[in-house]
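# Notes for the structure review
Below are the chains, spelled out letter by letter.
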Amino acid sequence: MREYNKNKLYTLLVYSENVAGILNQITAVFTRRQVNIESLNVSASSIEGVHKYTITAWSDEDQISKITQQIEKKIDVVKATYFTDDQLFIREAGLYKLSTDKVLANPEISRTIRRYDATITEVNPTYTIVMKSGKTDDIIELFRALDEFGCVLQYTRSGRIAVTRGMQEQVSEFLEQREQLH
């Protein structure tokens, strides 16, 4: 079993051109170093033609730095940077499928949903869907609170999405400098 007490949760923001196979190349770097990916989200970035990978992993700074450097050496990767949580604005989404019978039978369940600022998005005779967006800890806390009522049929969280606390994507400055060289 791996010890996490000396490790921190890091978030890597990786920008690449939209090329088939690049995700496999990126995840292979983690596999070779035996670091497990906690969450992974891939989407278009604010820069046309550039995709953004938001990857979280428990590691120490030396190891995560080496992983980031290896990823950045990949030919289709434009930029890779790692961050701690305090350097980013982070959100996730959680979906909770609850037993409608149990929700209707216990008003405390609805109060708990409201207390956590979650939203009921669908209700039918069989199940009720609740959605919560926010910080990872809040999403997990709501799951634990609902689970105590024995009403949770299914639960899932999205991968983390994150933006830096700066004014623009970090890769924007890099791309501008690259354009000036050409």
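This report concerns the structure included in the present document. (Residues numbered from 1 in each chain as written. Predicted model: local features only at pLDDT ≥ 70, side-chain atom pairs only at ≥ 80, totals over all residues. Heavy atoms only, no water.)

### Focus on a nonpolar patch on the surface
Together, L23, L40 and V42 make up a nonpolar patch on the protein surface, roughly 200 Å² of accessible area in all. Summarising the element assignment, L40 is placed in strand β2 (residues 37-44). (Patch = residues over 30% accessible without salt bridge, like charges linked within 9 Å, V, L, I, M, F, W, Y side chains within 5 Å. Areas by Shrake-Rupley, 256 points an atom, 1.4 Å probe, with all protein chains shown as cover. Salt bridge = Lys/Arg side-chain N within 4 Å of Asp/Glu carboxyl O. Helix = DSSP H or I, 4+ residues; strand = E, 2+ residues; numbered from the N terminus.)

### Quick look at the packing of aromatic side chains
The full count for this structure, using the stated rule, is 3 aromatic pairs. Here F143 and Y155 contribute two aromatic rings whose centre-to-centre distance is 4.3 Å and whose plane-to-plane angle is 20°, an arrangement assigned as stacked. Within this pair, whereas F143 is found in helix α5 (residues 136-148), its partner Y155 is found in strand β8 (residues 152-157), the two being separated by 12 residues in sequence. F143 sits in the partly exposed class, given a relative accessible area of 22%. The class for Y155 is partly exposed, based on a relative accessible area of 27%. Members of the aromatic cluster, joined through ring pairs, are Y96, F143 and Y155. The aromatic ring of Y127 is capped on one face by K97, whose charged end is 4.5 Å from the ring centroid. (Phe/Tyr/Trp six-rings, centres within 6.5 Å; stacked < 30°, edge-to-face > 60°. Buried < 20%, exposed > 50% of the residue type's maximum accessible area, 1.4 Å probe, protein only. Lys NZ or Arg CZ within 6 Å of the ring centre and 35° of its normal.)

### Some points on helix α1 (residues 22-32)
Taken together, the buried positions of α1 are I22, I26, V29 and F30. Down the axis, α1 shows its buried residues gathered within 95° of arc, on one side only. α1 presents N24, T31 and R32 as exposed residues on the side facing more than 90 degrees away from its buried surface. (Arc of directions from axis to C-beta.)

### A closer look at the environment of V152
Topologically, V152 is positioned in strand β8. Separated by 56 residues in sequence, V152 and Y96 place their C-alpha atoms 6.8 Å apart. Excluding anything up to four places from it in sequence, V152 contacts K97, L98, F143, L146 and D147. (Contact = heavy atoms within 4.5 Å.)

### Focus: the packing of helix α4 (residues 107-115) against α5
In contact at an axis separation of 10 Å, α4 and α5 are set at 175° when each is read in the N-to-C sense. It follows that α4 is roughly antiparallel to α5 by the angle criterion. The segment α4 lies against α5, with I109, T112 and I113 engaging L142, A145 and L146. (Axes fitted to C-alpha atoms, helices over the stretch in contact; angles between N-to-C directions. Parallel < 35°, antiparallel > 145°, perpendicular 65-115°, else oblique.)

### Examining the pattern of salt bridges
Scanning the entire structure with this criterion turns up 6 salt bridges. The salt bridge partner of R160 is D85, with a shortest N-O separation of 2.8 Å. Taken together, the residues span a long stretch of sequence, with R160 in the loop between β8 and β9 (161-164) and D85 in the loop between β4 (77-83) and β5 (88-99) at a distance of 75 residues. Judged by its relative accessible area of 34%, D85 is partly exposed. Where salt bridges share partners, they join E108, R111 and R115 into one cluster.

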